[in-house]
Amino acid sequence: MSSSEESYTDRRRPGALAQTLSGFRIGVTSDRRSEELISAFERRGADVIHAPALRIAPLTESSSLRQETQSVIDAKPDYVIICTAYGMRRWTEAADADGLGPQLRTVLDAASILVRGAKARGAVRAAGFDDDGSAEDERTSTVVDMLLRHNLTGRTVVLQLHGMPSDKDESRIQDAGARVITVMPYTWTAPDEDSDLLGLIDAAINQRLDLVTFTSAPAVEAFLAVAYHYGKHQALIHALSTEVTAVAVGPVTAAPLIAAGVQPVVPQRWRLGAMIRTVCEHLDLHGVHRVDTRHGPLEIRGDKVRLGLGETAHEVRLAAGPLSLLRVLMEAGPAVSSRQELLAKLHNCDSGHALETWVWRLRKAFDGIPLVETVVKRGYRLAR
């Protein structure tokens, strides 16, 4: 288990890594540190689809970064805002490679450094500097608020960008009378049109995923933009608002989802370890459905369905259609659901023939056990 990952053990089997995600399907959209998330989910039994919404492109050999660093050295800034730990590390590495490291360290040591969060603070201190404040909510806008408490007239401020321009924050500082120098040690690149991202979007829309994770706001924006470009935006938002859970690592990442009408799950601590724990707890609490039937207990975990107990139990994995039908029948309890009611609730079932096909597939999956009963001229119900 990685040092940043919080342990999550199954209380029923002390000391064992919980298999609480068995049967669940999770989409991972991050690029950097994605292996950590994927490994954590797979060790807990989940099936993972990985499709980076954006990839990080380091600019450690970029002539523009070299010029920006030289501008910082020449300007001898009064204030420096460090937004990301990754950016701080890449910046100092690039400066060292260009032979500008000692000069950069001299001006940074003389400046007042503000950081966006704990990870950025850690990188600043690892580089040998002290900071003069951190934003509790880890938002760049909050760090700028802290900066604006000072008289900035005639001052020089360096703003380390996190992969893309920040015109609003830059303008706020300039409006306070300061000169702003931006530094971009890395940037985000959108995936190719034939990447796996469109497949992940389709998997969410067609309910072949139970949950999708997001670790940066730009990745959320790219994810939604690709869906919009291919005419899938409305269907994606519907899926993320109903059957598929969106999990954001923190409120900054959650903001574009909320703006689009999706209410994501956000861990209390904005770290990958806390995110992993939140995913486990959320799916265990909300993703597992259990009812008693005439043929034994029935449990759904993701796309894995188990009927009965012990060695005689039937365990199958269902396609999205029959699975959604089974969930609706479980929610209905012993009541009979008419065809019209089922068709209204099953978004991807557009005809009576399709409904009959899903019923047949359910019965076939359980070797003919009459788990789904036909009530003549009325509809279907679960054999309770």
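Structure: above.
Residue positions are given per chain, counting from 1 as you read along its sequence in written order. Given that this is a predicted model, residues contribute local features only at a pLDDT of at least 70 and side-chain atom pairs are listed and counted only at 80 or more, while totals for whole chains, interfaces and linings are drawn from all residues. Hydrogens and waters are ignored; side-chain quantities use all the structure's heavy atoms.

## Comments concerning the nonpolar core
The nonpolar core is taken to be a set of buried Ala, Val, Leu, Ile, Met, Phe, Trp, Tyr and Cys residues, with the residues joined through side-chain atoms within 4.5 Å. Type-normalised accessible area, obtained with a 1.4 Å probe on protein chains alone, sets the label of each residue: buried when under 20%, exposed when over 50%, and partly exposed for intermediate values. I201, F223, L236 and L240 are the most contacted members of the largest nonpolar core, which totals 34 residues. Mapped onto this core, the elements with two or more residues apiece are strand 8 (186-189), helix 8 (197-205), strand 9 (211-214), helix 9 (217-229), helix 10 (233-241), strand 10 (245-248) and helix 11 (251-259). Here a residue-residue contact requires only that any non-hydrogen atoms of the pair lie within 4.5 Å. When sequence neighbours within four positions are dropped, the list of residues in contact with L240 reads V212, F223, A246 and V262. Listed in part, the 27 residues of the second largest apolar core include L325, L329, L342 and L382. A run of DSSP states H or I qualifies as a helix once it reaches four residues; a run of E qualifies as a strand once it reaches two. Both are numbered from the N-terminal end.

## Thoughts on the packing of aromatic side chains
Each pair of aromatic rings taken from Phe, Tyr and Trp, with Trp reduced to its six-membered ring, is defined by centres within 6.5 Å and is described as stacked if the planes are under 30 degrees apart, edge-to-face if over 60, and tilted in the remaining cases. Applying the stated criterion to the full structure yields two aromatic pairs. Taken together, a centroid distance of 5.0 Å and an interplanar angle of 75 degrees make the contact between Y86 and Y186 edge-to-face. With Y86 in helix 3 (residues 85-97) and Y186 in strand 8, the pair connects residues that are 100 residues apart, well separated along the chain. Pair check on accessibility: Y86 and Y186 agree, each one buried.

## Description of unusual backbone geometry
A positive phi is found at Q207, a non-glycine position, where the angle reads about 60 degrees. Topologically, Q207 is positioned in the loop between helix 8 and strand 9. A positive phi angle, close to 65 degrees, is found at K377, a residue other than glycine. Within the secondary structure, K377 is located in the loop between strand 15 (372-375) and strand 16 (379-382). Residue classification places K377 among the exposed residues on the basis of a relative accessible area of 87%.

## Section: the sheet that holds strand 6 (residues 156-160)
Whenever strands of a sheet pair, they do so through backbone hydrogen bonds, lying parallel or antiparallel. For two strands to be treated as a pair, DSSP must find at least two bridges joining them. With parallel pairing, the four strands of this open sheet are ordered in space as 5-4-6-7. On the outer flanks of this sheet lie strand 5 (112-115) and strand 7 (179-183), each paired with one strand and no other. Each strand of the sheet is rotated relative to its neighbour by a mean of 20 degrees, with strand direction disregarded. By the bridge criterion, four bridges tie strand 4 (residues 79-82) to strand 5 in an arrangement that is parallel. What sits directly across from Y79, in strand 5, is S112. Between N-to-C directions, angles span 0 to 180 degrees; the directions come from axes that are lines fitted to C-alpha atoms, helices contributing only their stretch in contact. Helix 3 rests against strand 4, strand 6 and strand 7 of the sheet, and its axis sits at about 110 degrees to strand 6. In the packing of helix 5 (residues 118-126) onto the sheet, contacts are made with strand 4 and strand 5, and the angle to strand 5 comes to roughly 145 degrees.

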